[in-house]
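Topology and contacts: notes
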Number of protein chains: 2
Amino acid sequence: MARHFPQDGKRRVVIEAASPAVDGGHYPAKRVLLDVVDCSCDLVSDGHDSLGGRMLYRRVGERTWQSSPLVARGNDRWSSSFVASEIGRWEITFEAWIDAFATWRLRTEKKRALGENIDVELLIGAHLLSQAASRVQGELSALLNQAADRAADRSRSEESRFEAATSEQVVRAMERAPDLSSATRYDHILSIVVDPPLARFGSWYELFPRSFGTGGNHGTLSDVVRRLDYVAQMGFDVLYLPPIHPIGRAFRKGPNNMLTAGPNDPGSPWAIGSEEGGHKAIHPALGTFDDFRRLVREVRARKMEIALDIAFQVSPDHPYVHEHPNWFFQRPDGKIQFAENPPKKYQDIYPFNFECDDWQSLWAELLDVFLFWVGEGVRVFRIDNPHTKSLRFWEWCIGEIKAAHPEVIFLAEAFTRPKVMHALAKSGFSQSYTYFTWRSTKVELEAYLREITEPHIANYFRPNFWPNTPDILPEHLQYGGRPTFLLRLVLAATLSSSYGIYGPAFELMEHVAKESSEEYKDSEKYQLRSWDLESSDSLFDAIARINAIRRDNPALQQTEAITFHPTTSDSLFCFSKRAGDNVVLIVANMDTHHEHSGILDLDLPALGLKDNETFQVHDLISDVRYTFCGSRNHVSVDPRVFPVQIFVVRKKIRSEHDFEYYQ
Amino acid sequence: MARHFPQDGKRRVVIEAASPAVDGGHYPAKRVLLDVVDCSCDLVSDGHDSLGGRMLYRRVGERTWQSSPLVARGNDRWSSSFVASEIGRWEITFEAWIDAFATWRLRTEKKRALGENIDVELLIGAHLLSQAASRVQGELSALLNQAADRAADRSRSEESRFEAATSEQVVRAMERAPDLSSATRYDHILSIVVDPPLARFGSWYELFPRSFGTGGNHGTLSDVVRRLDYVAQMGFDVLYLPPIHPIGRAFRKGPNNMLTAGPNDPGSPWAIGSEEGGHKAIHPALGTFDDFRRLVREVRARKMEIALDIAFQVSPDHPYVHEHPNWFFQRPDGKIQFAENPPKKYQDIYPFNFECDDWQSLWAELLDVFLFWVGEGVRVFRIDNPHTKSLRFWEWCIGEIKAAHPEVIFLAEAFTRPKVMHALAKSGFSQSYTYFTWRSTKVELEAYLREITEPHIANYFRPNFWPNTPDILPEHLQYGGRPTFLLRLVLAATLSSSYGIYGPAFELMEHVAKESSEEYKDSEKYQLRSWDLESSDSLFDAIARINAIRRDNPALQQTEAITFHPTTSDSLFCFSKRAGDNVVLIVANMDTHHEHSGILDLDLPALGLKDNETFQVHDLISDVRYTFCGSRNHVSVDPRVFPVQIFVVRKKIRSEHDFEYYQ
């Protein structure tokens, strides 16, 4: 009977469970520039032979792989790493084989130690060495041939033959001449997107330029330039502007989302497009492209980036509507379908039909919107409601942009179901809005952080925590007063390495909502507001302090390495973050109305400390230093002073007069 | 600029995380005949449109798919199922699409409820109906066309037009006419191996036929037939025999593994092959092929299966050695390499070289060994040391056998590293030996069971628990006496749906080990033993009782649905298993020297009970019944009587005189 045999019959090593992989390699994992990317896999083989393996890596587009040896980590797990030295897309894979020489060396060493005759073993070793010599060239080959001759030379002692075959020089040479003829190659190539560091760590500030005019006038981009130092002095990295395009007239909304607007009402910036232009135009009331370019320059001069809001929807007045009516949903009555979610109707907004017959021209134009603003110097985009646009579109669009401009960062305003949020992240978004805005208790926050910091999720999903947005004034901020604003600020800024606030509403503690809602009353979405930036009540100083602490402490520049510590008080929420020697320990009083005291039950190894070690904790807010000893330590947090203590953990300075020093 | 667009640009639904999948679909999941196979996946799409989906399934080799609708289970998870109506390999995949008609219906119903004019909506609905009509034929098409006409007929009331478009009949017809033009097909086909039920549930009994002779003679297969009722009356399903082939003479081992054998020493059955034949021969001292065929018939007449031990290694006298010297490891001195693991040497055993130049002829012959015995009526194989043979070989060999004989079951004697055990299971082994043999404390057993019953492992790894084997007399059996033998028996038989014992050593409580080892003294591996099967000390009755309980209680015929319940005593180990209405609750006293009492803290929902419910527990060992109430109940277990209580949980019989009955 004719049998079919597997092609890989002689490739005895099986490579499994490679990491980092998102959905088995279907989507790329995410890292940032200069990360040391740990890569690992299981190498499984029968018997007791020694294995060899290597990780292969390269930038996408490069022809040749670089390689780095795999090292056994126990339990058949092997790992290696590379430095993500350039932004852009990388790829990795793995190769492994039976290392006949290492197997032989171990076995022969054991026999030698037992005093057995190893003459035949030395002949076997000589054969392995001369085979290896034939796989390489030049000096390396000569060295291995010489070792083979000596190992086989029965005129020499077994001792000297073994030494010749296993000298450190020969062992190292053999590592450079592996027998790959029966090597297994992992059956996937895993992708890794390497982003600029801002994709992981950044403080975002959102403002409506039109509220920054003087004397009650419509603000301009130049007014924003005038206030840039205000933002920069608070220590923000990203200045994020709602859509800056012309605003439609048709069905324009009035103040507080009223159905009809007065002649001077400015409308919602998300009702994009008028006869003055669409997604590639600037609202004339905000200024010109020259003004915009100056804004970009001035922002960057302060080491910030500008972020634009891209909302793929149009007002009925948008040029697309008459130029490309087939991009929209056509109704049998000849009208274009406006956005609706019964009973809500949004007559001022037409959604795109991403599946229309002419979808390729639509997608190409939407991609071109991004490329246009990239051409104007924009590197950061906040995408409005991405979950109402095709996932396939985002995967394609972001892929196309990042292939040419890998430095570009996309923040998904994905307030939607968890799996859709995750699908958007897999599709290419660099960051995502989260449920943080509504997680207000210790139990909720710990559970949520544990979920999003699980490695298989953190590989692709990067959170950005917002205590407020123009759309959301959460209930706790409506009633909690200054301590709650401070608490939410610090929680966002320390739990997540990326966070943002919508200001000046935040620092001025705007807390008046439309009745029984989480919408702002007199929302800037529909009208100009005037903000007293010099108010003595402002949280300006606290925000500046928190952002400075974030910049000074690498532990706060990442989200994943977090540990939660039990406390004896339900009101005291304690967690720590660590990056190398930098350890930050945070104790938040979640009850902003009362002082609470309690005992922390610290996980000392997570803080880099030993059992019973004495150490110093230095509250970066109050500048007070405490001496802690061991795991159980008392704290007291008075929210009327400040609702959170942000300790940096320091090892005790060792005195040479301390007896222990001499041990 | 010419853009490339994705082919699936209009396929808006993303299908992810399909289950059951082993390593993303790389290996098949395992089920048994008549299982209801639950299949599920995430369906993720943008926006709020209604989705439709179906699971596609078929036997491997069938051309057309059967389909079953996917049902939403919450959180974007969808599922369906099929009945594994035949053994063999099945495959499944998924398809999903935007359901424009369901989306339209929901939206229109909402508008109608709000009293809005829905004339235009009805025209849209009519269009969807007539499109659907064109996708189908005959009556179905006519029905949909009629509905379309009525929905569009402005001479009718909106109410009657809507009713015509959304009658139950029309909705059901629309489900049969889905628009698949933009359907997403999952990008993997997942495999499922459906085995006979014995692959999941069976009680195994191992014996050495040669010890069953009369008057000190070498036992034969006919002697085994004479003793079959002894095995059958204990309730075993599988009679497993160590290798039955001719035994080599060269370097034959004597009693207690002595290096030299006397002229009458029988040698180890694992030193396979002599001039009398190899892996396809029967040791003449055991009998003839006619005897073997009679044994198979008699075993099967008692509703048992015979399991043969296949050990792929040879004695130096095996015919393969001179017929195919190239299948072995050749040494430079012209000799064949025997098995060794310094300082241990096994001169009586030659391993195969699975990577030899002639590997294809070797693999074909080894496959043929299995097919030969399958031809002799063997359906169950226990594979000796599979972890020292190529994983690629097993995947190929088992695949070839099961393609022609899907009823065949393979038990891996894989006492090796965890990832190798798992790799063997993925490669096709139906069952595996486990670490149970050495897990003796409550903490160890609970942790181990939690590990192997995790769904992603249980999908491919089926345990078979052995309290002892000819190779292993674990320390606790050496010193624990009768209560420990009983404890280990019940733990194996209730924790795992497949378990086995090596007898009669087990039921006769053989406990004498070679000094400081877990090897039996005077092991049957190297000499004949004589067993007093009628001993009044035998565990025969207890084993028969336990196997009967296993047959009566479906809860014990599966391993995965297990729950652990806390107790107030470190010595009381409590767990339950459930299959439908059948619930078994086990309380084991792990300290076989002292009686222990304590309180069980039962997880009532896991027992199918409500808070504070009163119920009966009936100990199937002592036949005593207790009334329990709520979660906390007292138990006391005296190991001198019996170390385990095996309760069946019964709901209270409701009396019509009980007031509650009338509520």
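Just so you know, these numbers come straight off a predicted model, no measurement behind them.

Taken together, the contact pairs 65 residues of chain A with 65 residues of chain B. For the pairing of chain A and chain B, the buried interface totals around 6,000 Å² over both sides, and the portion due to carbon and sulfur atoms is 55%. Taken together, the connections running from chain A to chain B amount to 20 salt bridges. Linking D357(A) and K10(B) is a salt bridge whose minimum nitrogen-to-oxygen distance equals 3.9 Å. At the boundary of chain A and chain B, one finds 31 residue pairs in polar contact (both at pLDDT 80 or more).

Superposing chain A onto chain B requires a rotation of 180 degrees together with a translation of 0.0 Å along the rotation axis, leaving an RMSD of 0.1 Å. Taken together, these values place the two copies in the relation of a two-fold axis. Across chain A, the smallest distance between a C-alpha and the rotation axis is recorded for G24(A), namely 3.3 Å. The overlap is high: 100% of the interface residues of chain A also sit at the interface in chain B, so the same surface is used on both sides.

Residues and elements named next belong to chain A. With respect to the element layout, V71 can be found in strand β6 (residues 71-74). Taking relative accessible area as the criterion, V71 reaches 39% and is therefore assigned partly exposed. Apart from residues lying up to four places away in sequence, V71 is in contact with R77, W78 and S79.

The subject of this paragraph is the pattern of salt bridges. Considering all chains together, one arrives at 102 salt bridges over all chains under this definition. We note a salt bridge from R12(A) to E355(B), for which the minimum N-O separation is 2.6 Å. You can see R12(A) sitting in the segment before β1 (14-19) and its partner E355(B) sitting in the loop between β17 (350-351) and α10 (359-375), one on each of two chains. With a relative accessible area of 8%, R12(A) lands in the buried category.

As a further point, take the sheet that holds strand β7 (residues 77-83) of chain A. Judged by pairing direction, the sheet is antiparallel, and its four strands sit side by side in the order β1-β3-β7-β6 (chain A) without closing on themselves. A strand with exactly one partner marks an edge of an open sheet, and here the two such strands are β1 and β6 of chain A. The sheet shows a mean angle of 35 degrees between the axes of neighbouring strands, direction not considered. Here β6(A) runs beside β7(A); their pairing, made up of three bridges, is antiparallel. Counted as the bridge partner of V71(A) is S79(A) from β7(A). Packed on one face of the sheet, helix α12 (residues 418-427) of chain B meets β1, β3 (36-44) and β7 of chain A and runs near 65 degrees to β3(A).

Turning to the state of the cysteines, a few remarks are in order. Per the stated rule, a full pass over the model turns up zero disulfides over all chains. Cysteine C41(A) is unpaired, with the sulfur of C39(A) as its nearest cysteine sulfur at 9.3 Å.

Rules used in this analysis
- Residues numbered from 1 in each chain as written.
- Chains lettered and ligands numbered in written order.
- Predicted model: local features only at pLDDT ≥ 70, side-chain atom pairs only at ≥ 80, totals over all residues.
- Heavy atoms only, no water.
- Contact = heavy atoms within 4.5 Å.
- Buried area = accessible area lost by both parts, 1.4 Å probe.
- Salt bridge = Lys/Arg side-chain N within 4 Å of Asp/Glu carboxyl O.
- Polar contact = N/O pair within 3.5 Å; in protein donor to acceptor, adjacent residues only side chain to side chain.
- Least-squares fit on C-alpha atoms with pLDDT ≥ 70 in both.
- Helix = DSSP H or I, 4+ residues; strand = E, 2+ residues; numbered from the N terminus.
- Buried < 20%, exposed > 50% of the residue type's maximum accessible area, 1.4 Å probe, protein only.
- Pairing = 2+ DSSP bridges.
- Axes fitted to C-alpha atoms, helices over the stretch in contact; angles between N-to-C directions.
- Disulfide = S-S within 2.5 Å.

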